[in-house]
Amino acid sequence: MASSSSFFGVTECNLLCVGGLVAGLALAAVAFKRYQKYKDDQRRQTYPKDTVVLHQIGRGKYIPSISPFPLKLETYLRMAKIPYINEHAHTMSSKGKTPWMTYNGEDVDDSQMCIDFLNKKLGVDMNKHLSLEQKSIGHAFRILVEDHLYWYRFIFQYFICYRVCHVYL
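Per chain, residue numbering runs from 1 following the sequence as it is written. The predicted nature of this model means local features are confined to residues of pLDDT at least 70 and side-chain atom pairs, given and counted, to a pLDDT of 80 or more, with totals for whole chains, interfaces and linings taken over all residues. The basis for every side-chain value is the complete set of non-hydrogen atoms in the structure, without hydrogens or water.

## Considering the overall build of the protein chain
- Under the DSSP-based scheme used, a helix requires at least four consecutive residues in state H or I and a strand at least two consecutive residues in state E, with every element numbered from the N terminus. Of the regular secondary structure elements, the protein chain holds four helices and six strands.
- Listing each helix as α and each strand as β along the protein chain from the N terminus yields β-β-α-β-α-β-β-β-α-α.
- Buried residues are those whose accessible area, probed at 1.4 Å on protein chains only, stays under 20% of the maximum for their type, while exposed residues exceed 50% and partly exposed ones sit between those limits. Residue burial in the protein chain is summarised as follows: out of 169 residues, 20% are buried.
- The contact criterion used is simple: two residues touch if any of their non-hydrogen atoms lie within 4.5 Å. For the protein chain, contacts bridging at least 24 residues in sequence account for 63% of all contacts bridging at least 6.
- Just so you have it, the protein chain exposes about 12800 Å², and 65% of that area is on carbon and sulfur atoms. Each accessible area value is a Shrake-Rupley result obtained with a 1.4 Å probe; residue values ignore everything except the protein chains displayed when judging cover.

Next up, the structure:
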């Protein structure tokens, strides 16, 4: 009986099987990405012109998202009376963020970048009645809430509240 060569107890057959498995998984991942791009291209062709397509994680039928950033962007679209449709396809943007939007074929990531883009593109200025000082204070509060207090809410919701509620239930 001929013995196959081994490297630290691993035979050539085992190496070929693992290599084939890795190559198969890589091929499947590439095929899945191409299929997703194809489906996205098909879906984009049905978007109406001059309408914002808001991509976000799913929500209730009659209530907005409970996540703060999709809620912020959807509220802005309603207040500015910009026509939009929601798409709950559970896809992330190219930067891995949600929400994001598509406007006339252009993708924009991040809720604040979407608002800035629409303000520039459509000439919307909801702060035109504010003084420079009031705009500065509003900007400072937005940064405080979005970049700093958001994480305290996250920690409370998913760690502290879970442990306290779990103990008493």
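That shown, we press on.
## Thoughts on the environment of Pro48
- Looking at where Pro48 falls in the secondary structure, it is placed in the loop between helix 1 (12-44) and strand 3 (52-55).
- In sequence terms Pro48 and Tyr103 are 55 residues apart; their C-alpha atoms lie 9.2 Å from each other.

## Description of helix 2 (residues 68-79)
- In this scheme, a helix's expected span is set at 1.5 Å multiplied by one less than its residue total. For helix 2, with twelve residues, the first-to-last C-alpha span of 16 Å sits near the 16 Å given by 1.5 Å per residue.
- Residues Pro70, Lys72, Leu73, Glu74, Tyr76 and Leu77 constitute the buried set of helix 2.
- Of the residues flanking the end of helix 2, it is Lys81, one or two places downstream, whose phi is positive at about 55°.

## What about the pattern of salt bridges?
- Salt bridges are defined by distance alone: a side-chain nitrogen of Lys or Arg within 4 Å of a carboxyl oxygen of Asp or Glu. Taken as a whole, this structure holds five salt bridges when the rule is applied.
- Lys72 is the partner of Glu146 in a salt bridge, and the nearest nitrogen-oxygen pair spans 2.4 Å. One end of the pair, Glu146, is in helix 4 (residues 132-168); the other, Lys72, is in helix 2, with 74 residues separating them in the sequence. Lys72 shares its class with Glu146; the two are buried.
- Between Glu74 and Arg78 there is a salt bridge, with the nearest N and O atoms lying 3.3 Å from each other. Here Glu74 pairs with Arg78, and both are found in helix 2, just four residues apart, close to one helical turn.

## Considerations on the side chain of Thr102
- On the secondary structure map, Thr102 appears in strand 5 (residues 100-103).
- For Thr102, a relative accessible area of 2% translates into the label buried.
- Only 2.9 Å separates the side chain of Thr102 from the side chain of His55, close enough to count as a polar contact. The definition of a polar contact used here is a pair of N or O atoms within 3.5 Å, where within protein one atom must be able to donate a hydrogen and the other to accept one, and adjacent residues in sequence count solely through side-chain atom pairs.

## Observations concerning unusual backbone geometry
- Following Thr98, the chain continues to Pro99 via a peptide bond in cis, the omega torsion being 5°.
- As for its placement among the helices and strands, Pro99 is situated in the loop between strand 4 (84-87) and strand 5.
- Located in the positive-phi region is Asp50, a residue other than glycine, with phi close to 60°.
- Note on placement: Asp50 falls in the loop between helix 1 and strand 3.
- The class of Asp50 is partly exposed, set by a relative accessible area of 40%.
- For Asn104, which is not glycine, the phi dihedral falls at a positive 50°.
- Within the secondary structure, Asn104 is located in the loop between strand 5 and strand 6 (106-109).
- In this structure Asn104 comes out as partly exposed when scored by relative accessible area, which is 36%.

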